[in-house]
Amino acid sequence: MVTSVLAEYICTSLMRRKYDWRDPSPVANGIMLALLMPASVPYGVIIFASAFMGSVMKYAFGGHHNRIFHPVATAYMAAALCWPSSVLRYPTPSIFGNLSLSSTLTDALDRSFTHYVDVSMSSSSWLDILWGRLAGPMGTGCVVLIVICTVALYCFRDIPGPVLFSGIATEVLLFICFPISATGWQAALYAVVTGSFMYVLVFMVCDPCFTPSNGFGQALYGFAYALTAFLLRKFSGYEDSSVLALMIVSIFPSEFDRFANFVIDNLDRFRHFVATSFREYQIYRRFKKYEKLPEETESTEPLESTEPAGPSDSTEEDSATEEPTPDVEESKKEDDQSED
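Figured I'd write up the structure that's included with this text. Given the structure is predicted, the values throughout are model-derived calculations rather than measurements.

## As for the side chain of Glu 8
- Assignment of secondary structure puts Glu 8 in helix α1 (residues 2-14).
- Once residues lying within four places of it in the same chain are set aside, the contact partners of Glu 8 are Tyr 19, Pro 26, Gly 54, Lys 58 and Tyr 59.

## Some points on the nonpolar core
- Counting residues in each nonpolar core, the largest one holds 51 residues, and the members touching the most others are Leu 33, Met 37, Tyr 76 and Met 204.
- Mapped by element, the contributors of at least two residues to this core are α2 (25-36), α3 (43-59), α4 (71-82), α9 (161-177), α11 (197-205), α12 (215-236) and α13 (241-249).
- Here Tyr 76 is in contact with Leu 33, Leu 36, Met 37, Val 87, Leu 88, Tyr 90, Tyr 238, Asp 240 and Val 243, once residues within four sequence places are set aside.
- Ile 129, Ala 182, Tyr 190 and Val 193 belong to the second-largest nonpolar core, a separate cluster that totals 8 residues.

## Quick look at the packing of α9 against α12
- Taken N-terminus to C-terminus, the directions of α9 and α12 make an angle of 35°; their axes are 7 Å apart at the nearest point. By crossing handedness, the relation of α9 to α12 is classed as right-handed. Here Pro 162, Val 163, Ser 166, Gly 167, Thr 170, Glu 171, Leu 174 and Phe 175 of α9 come into contact with α12, specifically with Gly 215, Gln 218, Ala 219, Tyr 221, Gly 222, Phe 223, Ala 226, Leu 227, Phe 230 and Arg 233.
- Across the contact of α9 with α12, the residue classes break down as 10 nonpolar, 6 polar and 2 charged.

## Here we look at the pattern of salt bridges
- The final tally for this structure, using the stated rule, is 6 salt bridges.
- When the shortest N-O distance is used, the salt bridge between Arg 22 and Asp 20 registers 3.5 Å.
- Residue Arg 22 is classed as exposed on the basis of its relative accessible area of 75%.
- For the salt bridge of Asp 268 with Arg 271, the shortest nitrogen-to-oxygen distance reads 3.9 Å. One end of the pair is Asp 268 and the other is Arg 271, both in helix α14 (residues 253-289) and 3 residues apart, which spans about a single turn.
- Since its relative accessible area comes to 36%, Asp 268 is described here as partly exposed.

Cut-offs used in this document
- Residues numbered from 1 in each chain as written.
- Predicted model: local features only at pLDDT ≥ 70, side-chain atom pairs only at ≥ 80, totals over all residues.
- Heavy atoms only, no water.
- Helix = DSSP H or I, 4+ residues; strand = E, 2+ residues; numbered from the N terminus.
- Contact = heavy atoms within 4.5 Å.
- Core = buried A, V, L, I, M, F, W, Y, C linked by side-chain atoms within 4.5 Å.
- Buried < 20%, exposed > 50% of the residue type's maximum accessible area, 1.4 Å probe, protein only.
- Axes fitted to C-alpha atoms, helices over the stretch in contact; angles between N-to-C directions.
- Left-handed = near helix turned anticlockwise from the far one by under 90°.
- Nonpolar A, V, L, I, M, F, W, Y, C, P; charged D, E, K, R; others polar.
- Salt bridge = Lys/Arg side-chain N within 4 Å of Asp/Glu carboxyl O.

All we've got here are geometric facts, nothing functional implied.
Given below as structure tokens:
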């Protein structure tokens, strides 16, 4: 932690900038890097990794807001490539450890619990798994502590929910559908408690500086991280594949944002097109139903004009027959006079 702060202070001074003592990122990055290391790591390794993280991985690209890779993941991978026997080998855990703080550990170191889980079934008890009494990095094994921190960070909205839940769901489903050694619920448990997966997901992948701003993009980001970590672990056999997966995925948060915006825009256009088409179809059906009404009225109008004509003609004829004409009356009078 001290090395990380000093490295950033020296870099800002060389760049003629003012160091922001209120920035907690150097302290947080130093703690996260230390917890990824084994308890037996030499001091020189962790000092080099911290200095590399604070100088090269941040200020070589322009500073805090211009980072390409996640500095903690990159510094850990650099130390693992340079000193694999010191970074990827772990002491046997004990309740009251007997590691010396002043000298390098001379006892035989062993591989992590993740390595033996991937090779065969583990014989460790569930209490050892939950409390982290297993060979591995210092801060990634205690499941109970990581769960408590996850709940607290999520309740205070310090970590995005889509990244967290999509990452956990993807990892569990991949381990169940394509098991490495264990199957069923044991595979789901090993997916979360081994390989530093939950530690990297909660404290590094959910870092707001690297997560996309869109909710759908954040879900894609968590899915890509879990998928990359699973593929690296299954086909390469690398124990801490989660760190390498983060270093790869942390390059593309802006691309996930662009893809999410593209998908959302197209979905909105498609929804608008479907709604407009359905509305136009309803209007078409409504007017199609009333298209026949003018034809029916035209066909019925002549019938209505001719029907009352019949009774009127007959009445006129009846009235004509009933009422005598003047000529007929005069002829009748002449006949009567001639008879007289």
